[in-house]
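If you want the building blocks of each chain, they are given just below.
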Amino acid sequence: SSAHRKPPSSASLTTVKVGAYRKVGRRYQALIGKHFKTVSRTKAKTATRTVTLAGGAWSLKLPAKPAKGTWTFTVRAVDTAGNAGATARRTVKLR
């Protein structure tokens with residue numbers, strides 16, 4: 001059986017987990033820590049970088065300009081109790 005987690009409380013949100021990846025042939029390029037690296041599909045889709053909220057907003061400075069192509073960005077909010085919300089995904093094409 002799977003554990004049911006309570007959705008995060010917007011009043012106590014402290015961090016967001018941000019991911020970025022794109023498919024390159026049979027591998028994936030992903031934001032791992034502070035760098036873009038070539039990794040497996042599983043690693044690319046689960047790798048996240050934790051960003052702290054400040055005044056209800058967050059930002060992420062990428063370590064370098066992402067390569068051209070179709071990128072998927074993911075964001076997931078986490079509250080002080082560790083409850084994580086649903087992952088939001090957006091796909092963008094960089095030219």
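In what follows, the structure referred to is the one given above.
The written sequence of each chain sets the order in which its residues are numbered from 1. Given that this is a predicted model, residues contribute local features only at a pLDDT of at least 70 and side-chain atom pairs are listed and counted only at 80 or more, while totals for whole chains, interfaces and linings are drawn from all residues. To obtain the side-chain values, all non-hydrogen atoms of the structure were used and water was disregarded.

1. Regarding the environment of Tyr21
Counting from the N terminus, the helices are DSSP H or I runs at least four residues long and the strands are E runs at least two residues long. For Tyr21, the position within the fold is in strand β1 (residues 13-24). A relative accessible area of 9% means that Tyr21 is categorised as buried. A sequence separation of ten residues divides Tyr21 from Leu31, and the C-alpha atoms of the two residues are 6.5 Å apart. In this description, contact between two residues means that some pair of their heavy atoms is separated by no more than 4.5 Å. In this view, Tyr21 contacts Tyr28, Gln29, Ala30, Ala44, Lys45, Thr70, Trp71, Thr72, Thr74 and Arg89; residues no more than four positions away in its chain are not counted. Working definition: with a 1.4 Å probe on protein chains only, accessible area under 20% of the residue-type maximum means buried, over 50% means exposed, and in between means partly exposed.

2. Observations concerning the side chain of Thr72
Examined against the element boundaries, Thr72 turns out to sit in strand β5 (residues 69-79). In this structure Thr72 touches Gly19, Ala20, Tyr21, Arg89, Arg90 and Thr91, once residues within four positions along its chain are discounted.

3. Observations concerning the pairing of β1
In summary, the side chains of a regular strand alternate between the two faces of the sheet. Of the strand pairs in this sheet, β1 and β5 are connected by eight bridges, and their pairing is antiparallel. By the bridge assignment for β5, Thr15 is matched with Val78. Sheet analysis places β1 next to strand β4 (residues 49-52), joined by four bridges and oriented antiparallel. Considered in β4, the bridge of Lys17 is made with Thr50. As paired elements, β1 and strand β2 (residues 27-32) share four bridges and run antiparallel to each other. Paired with Tyr21 across the bridge in β2 is Ala30. A pair of strands counts as paired when DSSP detects no fewer than two bridges linking them. Remark: two residues form the turn of the hairpin made by β1 and β2, two consecutive strands paired antiparallel; Gly25 in that turn has positive phi of roughly 65°.

4. Digging into the nonpolar core
Tyr21, Tyr28, Ala30, Ile32, Val39, Ala44 and Ala47 together form the largest nonpolar core, which totals seven residues. It is β2 that provides the largest number of residues to this core, a total of three residues. Ignoring sequence-local partners within four residues, the contact set of Tyr28 consists of Tyr21, Arg22, Lys23, Lys37, Thr38, Val39, Ser40, Arg41, Ala44 and Lys45. Only buried Ala, Val, Leu, Ile, Met, Phe, Trp, Tyr and Cys residues count toward a nonpolar core, and they belong to the same one when joined by side-chain atoms within 4.5 Å.

Geometric descriptors of this kind do not, in isolation, establish any biological role.
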